[in-house]
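One-letter residues, chain by chain:
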Amino acid sequence: MTALVEKLVPDSIKKLIPYQSARRIARDMDKTENTIWLNANELETCCQYGERQDGANSHYHRYPDYLPTDLAVAYREYGAATLGCQSEIMAVRGADEAIDLLVRTFCQPGNDQILVCPPTYGMYEFCADSIGITTAVVPLTESFQLNLPEITKQLPDTSIVFLCSPNNPTGNVLHQQDVVTLLEATKQQALVVVDEAYIEFAPHTSVLHLMAQYPHLVVIRTLSKAFGLAAIRVGFLIADSSVMSYVARLVAPYPIADPSAEIALKALSASGVAQMKQQTTQLIAIRDEFIHAVSQLSIVDKIYPSSTNFVLIRFKGNDNFYQYLLDHGVVARSPAHEESVQGCVRISIGSAESMDTVLRVLQNY
Ligand SMILES: Cc1ncc(COP(=O)(O)O)c(C=O)c1O
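Predicted model only: the values in this text are computed from it and were never measured.

### What to know about the site of the ligand
Piece 1. Around the ligand, the structure places 13 residues, and the nearest of them are Ala 95, Asp 195, Thr 222, Ser 224 and Lys 225.
Piece 2. Between the ligand and Tyr 198, the relevant distance is 2.7 Å, taken from an oxygen atom to a side-chain nitrogen or oxygen of the residue.
Piece 3. At 2.7 Å from an oxygen atom of the ligand is found a side-chain nitrogen or oxygen belonging to Ser 224.
Piece 4. Protein coverage of the free-state accessible area of the ligand, which is 400 Å², stands at 91%.
Piece 5. Each residue belonging to the shell around the ligand can be placed in one class, and the counts come to five nonpolar, four polar and four charged.

Here's what the structure looks like:
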């Protein structure tokens, strides 16, 4: 594995000396009670803005942990307890930062390419585009599964294959046997990143257990979806230590703000996880009822099965249903730029009341 990582990492990253943040230095030091911390140009005492909260924010004048280990430990307990010790977990600012870090760590502009399988999440290609890295595009098959023969042709030039399962915007899970076949084919060649942003809606489909056998597999997770914490910007990168040692060179000095870490720790506690699971069960029931009702409508060509908190609907004819919904106060998403899902609308699953409203609007078309 180390050989593959050494092959993929550009020389510029190998030479990079990580920024020595104040907390990184502090962690290596013997901390005594009498130490006076004057190394980070912070204020030495805490400021209270607005109403007094009895010391709730008493440590906010200090920079946060440079890599919040308590968050990584909490996530391992929640979602990755069976992971081997060779795999590491890093808390990052949402799954989007994990994608960006992987592209910047393992691809050199003008030299390397990533591979994506649309229709899928747009950030993989966007991150590559933003720094001049080529993207090879191998569309999913008609049933939104991997086109392995076409992917294989591209592998000799590819550094990272980005997969998304359950996939956005199609809502389906990739066949695990196909992921395994791809992992076999990429062993000496490329990293395979599986974005599991929606995994709590189909937990049994995770590929995490494959990491022990395939250390070039990297998994991305987030608290933005099932945990309902999109605003705090916390996600996780799970990878072999050889991958992580290079990613850690590029990560921002203080990636997670303290208020975000505090909320994330509560969400990952036993009671937080129980609450998330209960919410998820309720949401799945609302989703399945909505799918059943919408599939009865004559305007609907197809509503795709979903393992997520959204559904993809294909309407009959060429009418603009995205605009129709918008005109009636429902903001959905039109993945019109993706050829294979043109004419489709993606709708997130909200409360039972919201989904009843959407259904009524569609019934009145
Ligand atoms: C597949 C997928 N990955 C990642 C993200 C971004 O997640 P985060 O909010 O953790 O950055 C999204 C958000 O829509 C997504 O759909």
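### Considering the state of the cysteines
Piece 1. Evaluation of the coordinates by the stated rule reveals zero disulfides.
Piece 2. The closest cysteine sulfur to the non-disulfide-bonded Cys 46 is located on Cys 47, 6.4 Å from its own sulfur.
Piece 3. Lacking any disulfide linkage, Cys 117 is separated from the closest cysteine sulfur, that of Cys 164, by 11 Å.

### Some remarks on the pattern of salt bridges
Piece 1. By the definition in use, this model includes eight salt bridges.
Piece 2. Here Lys 14 ties to Glu 6 by a salt bridge, and the two come within 3.9 Å at their closest N and O atoms.
Piece 3. Here Lys 153 ties to Glu 150 by a salt bridge, and the two come within 2.9 Å at their closest N and O atoms. Here Glu 150 and Lys 153 lie together in helix H7 (residues 148-154), a separation of three residues that amounts to about one turn.
Piece 4. Residue Lys 153 is classed as exposed on the basis of its relative accessible area, which comes to 58%.

### Some details on the environment of Leu 297
Piece 1. Within the secondary structure, Leu 297 is located in the loop between helix H11 (270-295) and strand E8 (300-303).
Piece 2. Among residues more than four places away in sequence, those in contact with Leu 297 are Leu 359, Leu 362 and Gln 363.

### Concerning the sheet that holds strand E2 (residues 113-116)
Note on sheets: strands pair through backbone hydrogen bonds, and any given pair is parallel or antiparallel.
Piece 1. Taken together, the seven strands give an open sheet; going across it, the order is E1-E7-E6-E5-E4-E2-E3, and neighbouring strands pair in mixed fashion. Two strands bound the open sheet, and with one partner strand each, they are strand E1 (87-92) and strand E3 (134-137). Ignoring strand direction, the axes of neighbouring strands in this sheet form an average angle of 20 degrees.
Piece 2. Bridge count between E1 and strand E7 (residues 235-240): six bridges; the pairing is antiparallel. Bridging from a neighbouring strand, Val 92 pairs with Gly 235 of E7.
Piece 3. Sheet strands touched by helix H6 (residues 123-130): E2, E3, strand E4 (158-164) and strand E5 (191-195). Its angle to E2, the strand with the most contacts, is close to 160 degrees.

### Points about the sheet that holds strand E10 (residues 344-348)
Piece 1. Ordered in space as E8-E9-E10, the three strands form an open sheet in which the pairing is antiparallel. Every interior strand has two partners, whereas the edge strands, E8 and E10, have only one. When strand polarity is set aside, the average angle formed by the axes of neighbouring strands in this sheet is 25 degrees.
Piece 2. Here H11 sits on the sheet and contacts E8, strand E9 (310-315) and E10; the angle it forms with E9, its principal contact strand, is near 5 degrees.

### Examining unusual backbone geometry
Piece 1. Note the cis peptide between Pro 118 and Pro 119, where omega equals 0 degrees.
Piece 2. Looking at where Pro 119 falls in the secondary structure, it is placed in the loop between E2 and H6.
Piece 3. Looking along the chain, the bond that leaves Asn 168 and enters Pro 169 is cis, with omega of 20 degrees.
Piece 4. Within the secondary structure, Pro 169 sits in the loop between E4 and helix H8 (176-186).
Piece 5. Even without being glycine, Phe 144 reaches a positive phi, approximately 60 degrees.
Piece 6. Using a relative accessible area of 6% as the deciding quantity, one classes Phe 144 as buried.
Piece 7. Non-glycine residue Arg 233 carries a positive phi angle of around 55 degrees.

### Comments concerning the domain arrangement of the protein
Piece 1. The domains assigned to the protein are domain 1 (2-268) and domain 2 (272-363).
Piece 2. Computed from C-alpha coordinates alone, the two centres of domain 1 and domain 2 are separated by 29 Å.
Piece 3. Summed over both sides, the interface between domain 1 and domain 2 buries roughly 1,600 Å², with carbon and sulfur atoms accounting for 66% of that surface.
Piece 4. If you sort the residues of domain 1 by the area they bury against domain 2, Phe 144, Pro 169 and Phe 201 come out on top, with a joint share of 35%.
Piece 5. Our enumeration of links across domain 1 and domain 2 arrives at zero salt bridges.
Piece 6. The interface formed by domain 1 and domain 2 holds three residue pairs in polar contact (both at pLDDT 80 or more) in total.
Piece 7. Class assignment of the residues belonging to the side of domain 1 that touches domain 2 gives a composition of 14 nonpolar, six polar and two charged.

Rules and cut-offs
- Residues numbered from 1 in each chain as written.
- Predicted model: local features only at pLDDT ≥ 70, side-chain atom pairs only at ≥ 80, totals over all residues.
- Heavy atoms only, no water.
- Near = heavy atom within 4 Å.
- Polar contact = N/O pair within 3.5 Å; in protein donor to acceptor, adjacent residues only side chain to side chain.
- Areas by Shrake-Rupley, 256 points an atom, 1.4 Å probe, with all protein chains shown as cover.
- Nonpolar A, V, L, I, M, F, W, Y, C, P; charged D, E, K, R; others polar.
- Disulfide = S-S within 2.5 Å.
- Salt bridge = Lys/Arg side-chain N within 4 Å of Asp/Glu carboxyl O.
- Helix = DSSP H or I, 4+ residues; strand = E, 2+ residues; numbered from the N terminus.
- Buried < 20%, exposed > 50% of the residue type's maximum accessible area, 1.4 Å probe, protein only.
- Contact = heavy atoms within 4.5 Å.
- Pairing = 2+ DSSP bridges.
- Axes fitted to C-alpha atoms, helices over the stretch in contact; angles between N-to-C directions.
- Domains from an automatic or database assignment.
- Buried area = accessible area lost by both parts, 1.4 Å probe.

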